[in-house]
Structure formats: C-alpha cells, structure tokens
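Summary of the model geometry
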Amino acid sequence: MDKQNFLLNTWYVACTPDEVQQKPLARMICNIPLVFFRNQDKQIKGLEDYCPHRGAALSLGFVENGQLVCGYHGLRMGDKGKVESMPNQRVENFPCIKAYATVERYGFVWIWPGDQSLVDESLIPELTWATSEDWAYGGGLFNINCDFRLMVDNLMDLTHETYVHASSIGQKEIDEAPVATKMEGKQVVTSRFITDVYAPPFWRNALRANDLADDVKVDRWQECRFDLPSHIMIEVGVAHADNGGYNAPLNLKASSIVVDFITPESDDSIWYFWGMARNFKPHDQELTDSIREGQGKIFLEDLEVLEQQHKNLLRNPDRKVLKLDIDAGGVMARRLIERAIKQEQASSNKAL
Amino acid sequence: MDKQNFLLNTWYVACTPDEVQQKPLARMICNIPLVFFRNQDKQIKGLEDYCPHRGAALSLGFVENGQLVCGYHGLRMGDKGKVESMPNQRVENFPCIKAYATVERYGFVWIWPGDQSLVDESLIPELTWATSEDWAYGGGLFNINCDFRLMVDNLMDLTHETYVHASSIGQKEIDEAPVATKMEGKQVVTSRFITDVYAPPFWRNALRANDLADDVKVDRWQECRFDLPSHIMIEVGVAHADNGGYNAPLNLKASSIVVDFITPESDDSIWYFWGMARNFKPHDQELTDSIREGQGKIFLEDLEVLEQQHKNLLRNPDRKVLKLDIDAGGVMARRLIERAIKQEQASSNKAL
Amino acid sequence: MDKQNFLLNTWYVACTPDEVQQKPLARMICNIPLVFFRNQDKQIKGLEDYCPHRGAALSLGFVENGQLVCGYHGLRMGDKGKVESMPNQRVENFPCIKAYATVERYGFVWIWPGDQSLVDESLIPELTWATSEDWAYGGGLFNINCDFRLMVDNLMDLTHETYVHASSIGQKEIDEAPVATKMEGKQVVTSRFITDVYAPPFWRNALRANDLADDVKVDRWQECRFDLPSHIMIEVGVAHADNGGYNAPLNLKASSIVVDFITPESDDSIWYFWGMARNFKPHDQELTDSIREGQGKIFLEDLEVLEQQHKNLLRNPDRKVLKLDIDAGGVMARRLIERAIKQEQASSNKAL
C-alpha cells in the first residue's frame, strides 16, 4: 500500500444535508469517489460512485423510492451497496459496492471512510452549540488545492490574521501578543490574549450587533482547539476592557466559535467547511447571513496563500520549514496526525 | 512497440468533405497528428502534420495549386508526402513525410492509418443508403473523452435509451423486451422487438412526418449491426401495430438507420460521427435538419456518462465489469476487435 | 544534476522596471520561481519566491520600507535574502533565501540566475541605442510555450516573414534573396540584402513617418546578430533604391533595430521581450506607440507556429530537422549555446 496521508478510521464532514436533495451528490473524499443520496427513510447514505454493471458514475443517475438508479442502464442500487434490481436481470449475484457509514448530525453529514467494521458513532465530536437554542450557526464550503495539514497550520496559528486579513479581523497587536500552546487531553490548544486594544472592523460590528459600544478599548482572545482527524474549533471574542476578558459577563462581550472541519479530498486538495457559531442574538437570521458573508470573504483571502504555499512545498520536498513558537499548534497537531496514521496502519497490517 | 489499442490496417472515417475546404484540417487519428487538404484534383489527401524542414505543423499553412505550403518557411508539400519545392532550395533529398490513403466516398472521408502497402479500397464498407435517391442523410460529429470501445458498448446495447434518453427515444418497454445477439458472418447483430406500445416523442414526430397517425399503438424494432473496426449501423423504426413490424409495408411505418462511425483520436478520446439515414420524405431538407438537431441533442446526453465511465474504469483497472445478456453485443464486438488487433500485430511482427 | 537546458552564469532580461512598482512581481526564470521588489533605495532586487518560515510565496506579500513582508505571518525579508525581522521572533538564525544579482539598465531589469560568485556586471550587453537621445524604443512582452531555442531559430531566419507575416513585413523577394551567415567574434550574424523592390506595408508606413516617398523602389536589409545567452538584435531597414542601401544617408532611409531578449521561463516556455529601437523621429511618442502596436500584432502571429512546432518536436524526439542555408544562423547559435552550457557544467562540476 502507498504511503497513507490521511487517517481513515475516523469521522469527516462529507457535506451538509442541503447538498443532498433530489439529486445525488458526487464528492471525492480521501481519494475515494463517493456518491451521496437519500434512502427511503430520507437518510443520507454514502456509496462508492461506481456502478457494478459497467463502471458508470452512479451520481449521474437519479433517486427513486430511496434507491439510486444508474442513469446508464437502470440498475437500482440499495443504500447498503447491494443491487436491488435491474430490468430483466437476476441481480442476486451481482457484486456489491462499498457502502460507507454516514450519519447526519449537528447540521453536517459525517462519513467514516475507513474500515467499516470499526465504525463507532460515539466518536463523532460533540458540538454543544449545534443543539442549543441559545446559539446560531452560519457557514460555507471551499474547495482548496492544498495538503490538508497546511490548513491545520493556518488555523492553529492566527498570527496570519494580521497579514492575510488585515482589513477585517487582523490587528497589529495580535502578533505582538505571546502565544501559548499545550495539550488538553487529546486536544491541542493554542491561546492568545490581547488586552486593552481597539477592536478591528469585524469585531466592532459584532459589538454593535450585541448592543455594545464599539469605540472603547477591549480585551480580545483566541483559543484554537484541534482534534483528530482535522477539526478545529476556535473560541474568539472581545469584551469591554478590564471586565475579565474571556470570563467577562455575557452582556459585556461578543464572542463566538469559529468552526472548521477540514476534509481531505485528495493528497493535494481539501473540502474546507467553515462557519461561525455565536451565542448572541441567535434568532437574528439577518445577522447570521451578514456574518457568513463577511467570514466567507475573509476566508477567501487564505485560498491563494495556501495554494501557492502547497506548490512551493511540492517543489522543495527536502527543504525544512521553521517551527517557531507560533507554529507550535500546527506542529503538535501534525505530530498527533502522524502518530495516529502510524497506529492505524500498524493495526491494519496486523489485521491482514 | 507499445500495446496497440486500435486496429490500424483498416478504414476509419476521418472527417466529412465540408471540413476540408480552402484551409487545411488538423486532426489526430489513432494517436497520429494528421493534416488533410485538397490536391490539384480537389481530392482530399491526408499527411503527417509535420513539416520535414523544422517540424512545424503543416496544418497552420495554406493550400496553393493543390500543394500544402508550410506557413513557417514556405516549403511546398505534395499530396504524396514528397516535398515539391522550397524557395531557393534544392529539395530532391529532403525527407518525405508519411502519406495516408484517403478516399472520399458516401459523404465521408476515409483513412487507412496503418501499413500503406496493405491499403484495399474494396474494404470500405458499402453504404447503399448513401447512394440512393430514396434516402436522405443528416449527421454531426462529437469529440468525446473516452476509450472507443465504451462507445461501441453504448451503441450495441440500447437499453440505455430508457435512462439516458428518457424524454425522446427512451421508453420503459425497451428494457422489458428481451435482446438477442448473434453473429451474421463477420457482423455482430443485437436485436430487440417491442410490440403493441405507444411510441415515444421522437418516433411520434417521425410518424407524423411520414403522414401516419401517432396516437395509435405501434410495433418497434432496433437492430444494431457492428462491423470492424468500429462502425455500427442501427436499423430502427416503428410500424402501426399488427402490420408485420419490421416487415410492414412502407406506408405503415417510419424507419431509419442510425449511422455511427467511431474513430479513435487517442487512447482516451474519439471522433464520433453520428447521423441518421431515412427512406421517407428524402427530399425534405427541413425534416433532415430537424431530425439532425433532435438527434444531436439526444446523443449529447451520452457524453458525460461515457466520460465519467472512462475515468472510473481508468481508476479501477483491475475491477471486472459485468457481462449480462444486454452487454452481449458489446462483448462480442470487443472480442472481434481484440482478435483482429492480435492478428494485425502478429503479421506485422512477422513482416519485420 | 539533470541535463541542463539553459546557460545560468549569464545575464537575462527578467522584467521591465514598470512591472515592479508597489507590488512585488512573481516570475519564474530558468525554472526558478523568483520574486522581484524594490528595496529602500528603490533598486529592484530578485529573490527566491519562498518564505523561509513556512514556504509561502513572498510575492503574495507587500513591500514596506524596502523590505518584502511575507503576506502570511509578517516575516520581513531583506534585499539580500536575509530575514530582517518577524514579530516576536529572534531571526538571527533563520535560514537565508537565495538572492540573485539584479541590475536595472537600459530600461530592462537584468538577472544572473547562476552562481552568484561569478556575477560580472560588465557582461551585461552594451545597448548604445538605449542611452542615446537620437533613438526611441518601444516594446512588449509575450509568454510563449516553446523551447527558447525555437525562438532563436525563428529570429535568425527571417525567411519566415514571407509566410508568417505576409501582410505586414513579409514579401516574396525575401526568400528569393540569398542569406549569408558568419561569426563576428562571439556573435553569429545572418544577413540578407534585397535590392530594387517595393516595400511591404510596415516599411511603407516607416518611410512616410520618416517623410520619405513610399511608392518608389527601395533596397532592403536585414542583419540578425545573436549573442549568448539568447539576445538577438536585428538591424532592418529600407532606403530609396540605388543610394547605398544599408549605407545610404539618413535622409534617404528608414531603419531600426528589432530588439529581442529571450529568457527561458521553463524547459517548455519563454519570456519573450520584443521591441523596436529607431533613430528617426525619436521624440514622436505617437509614432513609438503605433510601431509598438503594429509590431505586437506581427509578433503575435509567431506564437501558434512556435507552440505547435514545440509540441511536434516533443512528440518526435528522435526525428532530425533539416539544417539548410537559411537555418545556418540558428544552427550556429545553438552550437554556441550548447558549447557554453557544456563549459559551464564542466567548471561547475570541477568546483564541486
């Protein structure tokens, strides 16, 4: 087997439920071409995107009665990868295709691309904000041509906000503040606290949206939490200065969680599910939309940086990059990833 | 020599005469970059698209007095691949380029891409409809990114009409009718007869065009005839029910021949010459145009299916596809192709 | 080391000064991704386009106080490839990146992509027309997908003007006139003299611009001068016939120098800096602009010829091209290039 770049026995976000309506959805994940569709119970199921009859892409077909009908010769595929029927054919001995455990939860569709005998739904991360009335969520999806670990690095070191996102969330004081990185259980945490500064435009908007003055000094925080395989939740916020910062009472701060699910598409590309969960004015849909739009514009600024970086690193495979304190979050996350992949491969070889 | 994927000592359709007017035509066939132009007798000739002076593409030049003039330095190439002249140069000892036997017949330009010592014009298939006053023909050309055998499969199993062409020629009864496949001499024939059904939209139009009621039940037939290297003629039609079907008198049926010449461009792409020959209202040009337009739209629906199938099969080289009864036509055609390629290679090695 | 296709210890034109203003310029030269920017003295400097921190492309950053600031995390790069600072970091031991000798001269930016210990500014070619009040210059830049030597061939054999540029500078008499090729010191010179002909459109315009009758016969000349690594200056002009041609008095001729700097981008692509220097009406900016526009259109005609030729030659690596008298200039230039590359590699191996 080739060198494996991803963890496979784990949950990734595959898509959002709205992406799978009447039409099947084609999506490659961890180098596997997949098709997603809704079965008779309207549950989303993921299968290999490969018709066992002649190799057509099932995603070009249609769904009828919860079966995925191949658009070429009408083979009907069931949601477990077993052929249900085909006009004028006995299908009992037709080969099956691989079905992948797929779970709809928290507004996302989760997939387990690895060994299906190891599937464990309890390993889907718990997202408390996703089930609470006090929180609102808005987000989007980008397809980016880079190694998934470059996006992990990006999100575990927010120093780049000062440069990449200078006009929205960046501010000079970020890279002047020291960063602290540690393990909390199986989680890598990178934190930065900035005190007594003026908020940048994005956060001034958030303060106003939260009915707070935006022209006074604030304390600001960023706490990036990485979990395997490649999920990063970032607690971010500002509080009117000298009220306890991160621990300030709700009516003196605006805070939220930047939600990042990074799903490898191939060795050289990712599906990046980004969004923001907030616990102020959760029922204000207009606010949700305007934050989503603003965040989308900001995160677009990372795309070219990451794609060019990926090309540069591919061109210079033997050149070492630096590992500074600000990089510690990414470095520790990569170490977790590498170790987990090795373990996964070791047990997979043992199983063989 | 690499594994050969195509038969070379045979006739393929290279282009249609209207494609080669004043300007030379560049076209790759069986991985060979070719240029077609008209010589002094207005005959179309095919040569390597390679100037023996410095390797320029002759197709970027122009034609003068039946010679192909290189657009770079004015070398004049004759229609047999021999350099005729070049300003201020003695050209007797210039290397020749390869000339390919090219014949204009039946409204197509035929080329023999293989060993030129084996060229035999009598092997060009006879197309009686193409020379008869009682028939009309209209057609077009698609460039599709797939192995040429996937298009052979496609055309030798019309079950796919129900799915790919649901709104025009497809109907549920097609895949309920059994299919019969046999050899007739060197020809693979796949037939399907459907009785006592209502005609789908395309055929209702044809009935009306033929001054026949379109709201009565019909018998319908499809007879696919494959000949080496990759030509498929499909007799199709509908007759008012219970009048003998295929053998019904002319005034009770609408019938035609779907004409398919598949010419490999490369291992991964084809030139697909499609069309329809009909023996009703042959002088009605408006009808010819409307049928061509309808057929073009229908055949466009196959493109994405075939291109995705080709990608899927390339990704899974060791995965076997099924060989059902409906696939028998394609399977037998592929067997003929494979055997003929082996023979061709064996005699070519012997010749060496 | 791979087979080297370019001379590296030499000066190439990298860009023009107007291309490097506030924003850094990314440009690949001889397969090396480079970034150009202006230092504190407004001098243009060329560095590897690679941030030593995490491999980001420095060209996506910005320039501040003559330092190139990485757009990812704010590392500040000095003009010698040494890191100057980074927020909150000690940078003394950061790895340097390679800096390339870069000189702004004659309206071009010159770069030495090879061994920096061998840099010698005196080897930049002397361009007298570029420093004289009596001359005007206008030019442009094309990015073409071909081996740089194909452009050398193109410019050392102007026979192609008759065919590629038939409607502007081409005329039948060019390829009827003999061509002479010789070495003058380290320079390859190809000349062609045509007497007593009518001037083609481009030159009729030039005669009129020079206040000379354009409806009388002229003598015409072309003298192509190739210098290593791949610079070609072509003296071209027309004089009213029988006044000494090339040597005719200034008031009886229109002449100029076609300026061609060919800089390899990769093995398969070039940066082609083209232009025209003239010593008549040097202060007529409108004339400069109209000549530039005309020349740009003419030179565009070469693009597809060269790109197709490059593809044809890649497809036929073992096929020999002809070496006719008209090709002698290109052949001799290639011989100089090949010999110089061998010498460069020999001394580089010796140095190791």
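Note that the coordinates shown come from a computational prediction; the quantities given were computed from them, not determined experimentally.

Summing up its helical and strand segments, chain A has six helices and 18 strands in all. Taking 352 residues into account, the globule formula puts the C-alpha radius of gyration at 20 Å, and chain A, at 22 Å, falls close to it. Each of the three principal axes of chain A carries a C-alpha extent, and together these read 75 × 50 × 35 Å. The buried share among the 352 residues of chain A stands at 46%.

Expressed as a screw transformation, the operator carrying chain C onto chain A has a rotation angle of 120 degrees and an axial translation of 0.0 Å, and the superposed copies differ by an RMSD of 0.0 Å. The two molecules are tied by a three-fold rotation axis, judged by turn and shift.

Contact residues are listed per partner, giving 16 residues for chain C and 20 residues for chain A. Tallied by class, residues from the side of chain C that touches chain A come to eight nonpolar, seven polar and one charged.

This brings us to helix α4 (residues 201-209) of chain C. An α-helical turn contains 3.6 residues, so any two residues separated by three or four positions project in the same direction. Residues and elements named next belong to chain C. Those residues of α4 that sit buried are Phe-202, Trp-203, Ala-206 and Leu-207. Burial along α4 is one-sided: seen end-on, the buried residues are contained in an arc of 135 degrees. The inward-facing, buried residues of α4 abut β16 (231-240), β17 (253-266) and α5 (285-315). Just downstream of α4, Asp-211 is the residue with a positive phi angle, here 65 degrees.

Residues and elements named next belong to chain B. Closest axis-to-axis distance for the helix α1 (residues 148-156)/helix α5 (residues 285-315) pair is 10 Å, and the angle between their directions is 130 degrees. In terms of their interaxial angle, α1 and α5 are classed as oblique. Of the two elements, α1 crosses α5, and the hand of that crossing is right-handed. Mapping the contact onto sequence places Leu-150, Met-151 and Asn-154 in α1 and Asp-302, Leu-306, Gln-309 and His-310 in α5. Looking at the contact of α1 with α5, its residues break down into three nonpolar, three polar and one charged.

We now examine the sheet that holds strand β9 (residues 99-100) of chain A. Residues and elements named next belong to chain A. Within the open sheet, the four strands sit side by side as β2-β3-β4-β9. Their pairing is antiparallel. The open sheet has two edge strands, β2 (25-29) and β9, and neither has a second partner. For strand β4 (residues 44-48) and β9, the ladder comprises two bridges, and the chain directions are antiparallel. The partner of Gly-46 across the bridge, within β9, is Tyr-100.

Of all nine residues in α1 of chain B, nine are buried, a share of seventy percent or more. All buried positions along α1 of chain B are accounted for by Phe-148, Arg-149, Leu-150, Met-151, Val-152, Asp-153, Asn-154, Leu-155 and Met-156 of chain B.

Backbone torsion omega between Leu-228 of chain B and Pro-229 of chain B reads 0 degrees, so that peptide bond is classified as cis. The topology assignment puts Pro-229 of chain B in the loop between β15 (218-227) and β16 (231-240). At Lys-42 of chain A, a residue that is not glycine, the phi angle is positive and equals roughly 65 degrees. For Lys-42 of chain A, a count of 10 C-beta atoms within 10 Å puts it in the exposed group. Located in the positive-phi region is Tyr-106 of chain C, a residue other than glycine, with phi close to 65 degrees. Tracing the sequence through the fold places Tyr-106 of chain C in the loop between β10 (102-105) and β11 (108-111). Tyr-106 of chain C gets classed as partly exposed once you count the C-beta atoms within 10 Å, which come to 18.

It is worth spelling out the domain arrangement of chain A at this point. Residues and elements named next belong to chain A. As assigned here, chain A comprises domain 1 (12-123) and domain 2 (133-344). One C-alpha centre belongs to domain 1, the other to domain 2; they are set 33 Å apart. Counting from both sides, the interface comprises eight residues of domain 1 and, opposite them, eight residues of domain 2. The element that contributes the greatest number of residues to the side of domain 1 that touches domain 2 is strand β1 (residues 12-15), accounting for three residues. Looking at the side of domain 1 that touches domain 2 residue by residue, the class counts come to six nonpolar, two polar and no charged.

Attention now moves to the interface of chain A and chain B. With 16 residues of chain A at the interface, the matching set in chain B holds 20 residues. Its residues placed into classes, the side of chain A that touches chain B shows eight nonpolar, seven polar and one charged.

All names here are of chain A. Spatially, the three strands line up as an open sheet ordered β1-β11-β10, and their pairing is antiparallel. Edge strands, defined here as strands with exactly one partner in the open sheet, are β1 and β10 (102-105). Across the sheet, the mean angle separating the axes of adjacent strands is 40 degrees when strand polarity is ignored. The pairing of β1 with strand β11 (residues 108-111) spans three bridges and is classified as antiparallel. Residue Val-13 lies in a different strand from β11, and its bridge partner there is Trp-110.

If you look at soluble globular proteins, the nonpolar side chains tend to sit buried side by side. Ranked by size, the top nonpolar core spans 228 residues in total, and within it Leu-58 and Met-151 of chain A, Leu-58 and Met-151 of chain B together with Phe-36, Leu-58 and Met-151 of chain C carry the most contacts. Excluding residues within four positions of it along the chain, Phe-36 of chain C makes contact with Ala-14, Cys-15, Val-20, Pro-24, Leu-25, Arg-27, Ile-44, Lys-45, Gly-46 and Val-109 of chain C.

Residue and element names in this part refer to chain B. Tracing the sequence through the fold places Met-183 in strand β13 (residues 180-184). Here Met-183 falls in the exposed class, since 11 other C-beta atoms lie within 10 Å of it. Between the C-alpha atoms of Met-183 and Ile-298, which are 115 residues apart in sequence, the distance is 28 Å. The residues contacting Met-183, other than those within four sequence positions of it, are Val-188 and Met-332.

Let's shift gears to the pairing of strand β3 (residues 32-38) of chain A. Residues and elements named next belong to chain A. In this structure, β2 lies alongside β3, joined through five bridges in antiparallel fashion. Looking across to β3, one finds that Leu-25 is bridged to Phe-36. In sequence, β2 turns back onto β3 through a hairpin of two residues, with Cys-30 there showing a positive phi of about 50 degrees.

Quick look at the pairing of β16 of chain B now. Residues and elements named next belong to chain B. Of all the ten residues making up β16, eight are buried; the element is thus mostly covered by neighbouring parts of the structure. Note: β15 against β16, ten bridges, orientation antiparallel. Bridge pairing in β16 links Phe-226 to Ile-232. Remark: three residues form the turn of the hairpin made by β15 and β16, two consecutive strands paired antiparallel. The pairing of β16 with strand β17 (residues 253-266) spans nine bridges and is classified as antiparallel. Opposite Met-233, over in β17, you have Val-259 as the bridge partner.

The next subject is the environment of Ala-277 of chain C. Residue and element names in this part refer to chain C. With respect to the element layout, Ala-277 can be found in strand β18 (residues 269-278). Ala-277 sits 142 residues away from Trp-135 along the chain, and the two C-alpha atoms are 6.5 Å apart. If sequence neighbours within four positions are ignored, Ala-277 has contacts with Trp-129, Trp-135, Tyr-137, Ser-256, Ile-257 and Val-259.

What counts and what doesn't
Residues numbered from 1 in each chain as written. Chains lettered and ligands numbered in written order. Predicted model: local features only at pLDDT ≥ 70, side-chain atom pairs only at ≥ 80, totals over all residues. Helix = DSSP H or I, 4+ residues; strand = E, 2+ residues; numbered from the N terminus. Rg over C-alpha atoms; globule rule 2.2 N^0.38 Å. Buried ≥ 20, exposed ≤ 12 C-beta atoms within 10 Å, placed from the backbone. Least-squares fit on C-alpha atoms with pLDDT ≥ 70 in both. Contact = placed C-beta atoms within 7 Å. Nonpolar A, V, L, I, M, F, W, Y, C, P; charged D, E, K, R; others polar. Arc of directions from axis to C-beta. Axes fitted to C-alpha atoms, helices over the stretch in contact; angles between N-to-C directions. Parallel < 35°, antiparallel > 145°, perpendicular 65-115°, else oblique. Left-handed = near helix turned anticlockwise from the far one by under 90°. Pairing = 2+ DSSP bridges. Domains from an automatic or database assignment. Core = buried A, V, L, I, M, F, W, Y, C linked by C-beta atoms within 7 Å.

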